[in-house]
Structure formats: structure tokens, C-alpha cells
Amino acid sequence: GAGVSQSPRYKVAKRGQDVALRCDPISGHVSLFWYQQALGQGPEFLTYFQNEAQLDKSGLPSDRFFAERPEGSVSTLKIQRTQQEDSAVYLCASSLDEGRAPLHFGNGTRLTVT
Amino acid sequence: AQKVTQAQTEISVVEKEDVTLDCVYETRDTTYYLFWYKQPPSGELVFLIRRNSFDEQNEISGRYSWNFQKSTSSFNFTITASQVVDSAVYFCALSEKDTGRRALTFGSGTRLQVQP
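The model shown is predicted, which means the values in this text are computed figures rather than measured ones.

Rules used in this analysis
- Each chain has its residues counted from 1, running along the sequence as written.
- For naming, the first written chain is A and the first written ligand is 1, with later ones following in the order written.
- Per-residue local features are limited, in this predicted model, to residues with pLDDT of at least 70; the limit for side-chain atom pairs, both in listing and counting, is 80 or more; totals at the level of whole chains, interfaces and linings are taken over all residues.
- Only hydrogens and water are set aside; all other atoms, that is, all heavy atoms of the structure, feed into the side-chain values.
- In this description a helix means any DSSP run of H or I spanning at least four residues, a strand means any run of E spanning at least two, and both kinds are numbered starting from the N terminus.
- When we talk radius of gyration, it's over C-alpha atoms, and the globule rule is simply 2.2 Å times the number of residues to the 0.38.
- Here the term buried applies to any residue with accessible area under 20% of the maximum for its type, exposed to any over 50%, and partly exposed to those in between, with areas from a 1.4 Å probe on protein chains only.
- Only heavy atoms matter for contacts: two residues are in contact if any of them lie within 4.5 Å across the pair.
- By buried area we mean how much accessible surface two parts lose on assembly, using a 1.4 Å probe and totalling the loss over both.
- The term salt bridge refers to a pairing of a side-chain nitrogen on Lys or Arg with a carboxyl oxygen on Asp or Glu at a separation within 4 Å.
- What qualifies as a polar contact is a pair of N or O atoms within 3.5 Å, subject to a donor-acceptor requirement within protein and to the restriction that residues adjacent in sequence count only when both atoms come from side chains.
- Residue-level confidence of the predictor is summarised by pLDDT, bounded by 0 at the bottom and 100 at the top.
- What makes a nonpolar core is a set of buried Ala, Val, Leu, Ile, Met, Phe, Trp, Tyr and Cys residues whose side-chain atoms join them at distances within 4.5 Å.
- Note on disulfides: each one is a pair of cysteine sulfur atoms within 2.5 Å.
- By definition, two strands form a pair when at least two bridges between them are found by DSSP.
- The aromatic pairing rule takes the rings of Phe, Tyr and Trp, using the six-membered ring of Trp, and pairs them if the centres are within 6.5 Å, calling planes under 30 degrees apart stacked, those over 60 edge-to-face and the rest tilted.

*Asks:* Residue-level account of the overall build of chain A, with values.
*Replies:* Each helix and strand counted, chain A has zero helices and 11 strands in total. Seen in sequence order, chain A has helices and strands lined up from the N terminus as β-β-β-β-β-β-β-β-β-β-β. Computed over C-alpha atoms, the radius of gyration of chain A comes to 13 Å, within 12% of the 13 Å expected from 2.2 N^0.38 for 114 residues, which places it in the range of a compact globule. Each principal axis of the C-alpha distribution contributes one length, and for chain A these read about 40 × 25 × 25 Å. Each of the 114 residues in chain A was classed as buried or not, and the buried ones make up 48%.

*Asks:* Run through the interface of chain B and chain A, naming residues and quoting values.
*Replies:* Counting from both sides, the interface comprises 22 residues of chain B and, opposite them, 23 residues of chain A. When chain B packs against chain A, the two sides together hide about 1,700 Å² of surface, and 50% of this comes from carbon and sulfur. Contact with chain A buries surface across chain B, with L45(B), R102(B) and F106(B) losing the most and accounting together for 33% of the total. Applying the counting rule to chain B against chain A returns one salt bridge. Where chain B packs against chain A, one counts six residue pairs in polar contact (both at pLDDT 80 or more).

*Asks:* How would you sum up the environment of S62(A)? Please name residues and give values.
*Replies:* If you trace the backbone, S62(A) turns up in the loop between strand 6 (53–56) and strand 7 (65–68). Through-space distance from the C-alpha of S62(A) to that of Q80(A) is 9.9 Å; in sequence the pair is 18 residues apart.

*Asks:* Explain the confidence of the model for chain B residue by residue, including any values.
*Replies:* Confidence in the prediction for chain B averages 94 pLDDT; 100% of positions are at 70 or higher. The spread of mean pLDDT over the elements of chain B runs between strand 7 (residues 59–61) of chain B, the lowest at 89, and strand 3 (residues 19–21) of chain B, the highest at 98.

*Asks:* Requested: an account of the nonpolar core, with residues and values cited.
*Replies:* All names here are of chain B. W36, W66, F75, F77, Y90 and L112 are the most contacted members of the largest nonpolar core, which totals 24 residues. Secondary-structure elements contributing two or more residues to this core are strand 2 (10–14), strand 3, strand 5 (32–39), strand 6 (46–52), strand 8 (64–69), strand 9 (74–79), strand 10 (88–96) and strand 12 (110–115). A per-element tally of this core places strand 10 first, with four residues. Apart from residues lying up to four places away in sequence, L112 is in contact with I11, V13, V19, I79, D86, S87, A88 and Y90.

*Asks:* Just give me the short version of the state of the cysteines, but keep the residues and values in it.
*Replies:* Under the definition given, this model contains two disulfides over all chains. The disulfide that involves C23(A) links it to C92(A), with 1.9 Å between the sulfurs. Measuring the twist about the S-S bond at about -70 degrees, one finds the C23(A)-C92(A) disulfide to be left-handed. In this pair, C23(A) is assigned in strand 3 (residues 19–24) and C92(A) in strand 9 (residues 88–95), connecting sequence segments 69 residues apart. For C23(A), a relative accessible area of 0% corresponds to the buried category. For C92(A), a relative accessible area of 0% translates into the label buried. Here C23(B) connects covalently by a disulfide to C92(B), the sulfurs 2.0 Å from one another.

*Asks:* Residue-level account of the pairing of strand 5 of chain B, with values.
*Replies:* Residue and element names in this part refer to chain B. Across the eight residues that make up strand 5, a large majority, eight, are buried. Side chains Y32, L34, W36 and K38 project from strand 5 onto one buried face, and the interleaved Y33, F35, Y37 and Q39 project onto a second face that is buried too. The sheet contact formed by strand 5 and strand 10 spans eight bridges and is antiparallel. By the bridge assignment, Q39 is partnered in strand 10 with V89. Here strand 5 hands over to strand 6 after six residues, with G43 in that stretch at a positive phi of 100 degrees.

*Asks:* Quick one: what's the story with the packing of aromatic side chains, residue by residue and with numbers?
*Replies:* Given two aromatic rings, their pairing is described by the distance between the two centres and the angle made by the two planes. Per the stated rule, a full pass over the model turns up 20 aromatic pairs over all chains. Judged by centre distance (5.6 Å) and plane angle (90 degrees), the rings of Y35(A) and F106(B) are edge-to-face. Within this pair, whereas Y35(A) is found in strand 4 (residues 31–37), its partner F106(B) is found in strand 11 (residues 105–106), the two belonging to separate chains. Note on accessibility: Y35(A) and F106(B) belong to one class, buried. An aromatic cluster of three or more residues is present, and its members are F33(A), Y35(A), F45(A), Y48(A), F105(A), F35(B), Y37(B), F47(B), F91(B) and F106(B).

Here you go:
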């Protein structure tokens with residue numbers, strides 16, 4: 001079956017622009033996570049959804065970051081007024097249960113802010 | 001607070017050599033999960049193993065083996081008879097259960113290069 005799909009694969013934004021990153025999890029997966037991975041670093045947690053409920057957003061670095069999953073499937077990570085330090089790969093992952101099962105990751109969206 | 005340390009930034013070996021990737025973790029929880037993920041150049045993290053903190057049995061899967069030692073807070077990963085296809089960045093990660101959080105804390109990764 002299809003894996004986790006993220007789009008776009010690459011995004012270049014000028015500083016100050018808003019961006020929206022999309023994640024299509026594996027069908028039927030309850031949990032969805034967003035992680036941010038800077039160059040040469042491990043992924044860092046941003047936020048977690050269980051179905052449509054955002055249960056943990058403690059990793060969002062500022063109020064410019066917003067995530068939603070309105071129908072419990074597709075999720076969108078929005079970054080407003082992008083800054084250069086937002087440049088990173090944004091990874092989406094889903095899992096079958098309430099987040100303890102192994103995560104299935106997408107290929108990520110590489111965001112470059114110029 | 002939880003922390004995962006992968007002290008080896010990069011390792012280079014020749015094909016067929018054995019290689020061990022180190023992982024040391026810190027947590028206050030008594031119940032937690034440890035993971036290893038592989039990230040090939042394509043970028044997608046691939047799950048390799050999950051270990052519950054109450055299960056200290058070592059595990060072997062083909063050329064891969066894992067050594068979990070609670071006494072030293074380590075969860076090391078060994079690849080036997082390495083192959084070029086093993087070249088990737090490997091991440092160790094921790095998930096705490098007592099707190100109810102679902103987030104994984106990742107180490108900074110070890111880049112493994114296997115030369116032919």
C-alpha cells in the first residue's frame with residue numbers, strides 16, 4: 001500500500017512569505033506527527049495529532065507555526081512570515097495506534113527560506 | 001529531561017567489516033521505548049527496531065543485532081559483515097511512557113559509510 005506522502009518535496013520561500021506543507025498519512029493511521037530536521041541533525045518533534053485532535057504542540061518553535069488535521073487524515077503544517085532559521089526538512093510520520101507503534105515517515109519537504 | 005547521545009558523528013568501514021553504532025540515553029521514566037531508524041540518502045526514515053525498557057534481551061535480525069544495557073543506559077547497534085547498501089545515517093531515539101508524551105527524542109545520528 002501507499003506510504004506517507006508529503007508535498008511539495010521542495011519549497012523555496014522568500015523571507016516573510018507564508019508556506020503550507022501537506023502530509024497524507026497511511027490510510028487508517030490514528031496518529032500523525034510533524035518533525036523538523038535541520039541539516040546534519042536528528043529530527044526534532046513539533047506536534048502530534050490523534051485523529052483530528054492536536055494533543056501535543058509543545059515542540060512548535062513559535063506562534064508562526066500552526067498545524068491542523070481537520071478530518072483526522074490529511075494534515076497541513078503552516079508557517080507564517082517565514083524566517084531563514086525555518087529552513088529545514090519537515091518530516092511527517094504516522095502510526096497505526098495512539099503513537100507507541102513504530103512510525104512510518106514520509107520523504108519530507110525541504111524548505112529553503114531566502 | 002530526556003536525552004539521546006550518539007557520540008560517533010561519522011564512521012567509515014570497508015565492506016564485510018563489522019561495525020557498532022553507540023547510543024546512550026537519559027530519562028527519568030521507568031517505562032520507555034528505544035528505537036533505531038535508518039535514513040538513506042532518499043531522506044525517508046526507516047524503522048529498524050523498538051525495544052521496551054522492561055525487555056533487556058538482546059535481539060538479532062539477520063546481520064543486525066542490538067545490545068540493550070539498562071545499567072549503562074545504552075542501546076548499541078551492530079551490523080555484521082557490512083555492505084555498501086548499509087550506508088546511511090542511523091538514528092537512535094527514545095519515547096517516554098510514564099509522562100504520556102508520544103514524541104520521540106532523537107539523537108544527532110551517526111553517518112555510516114561502507115566502502116566497497
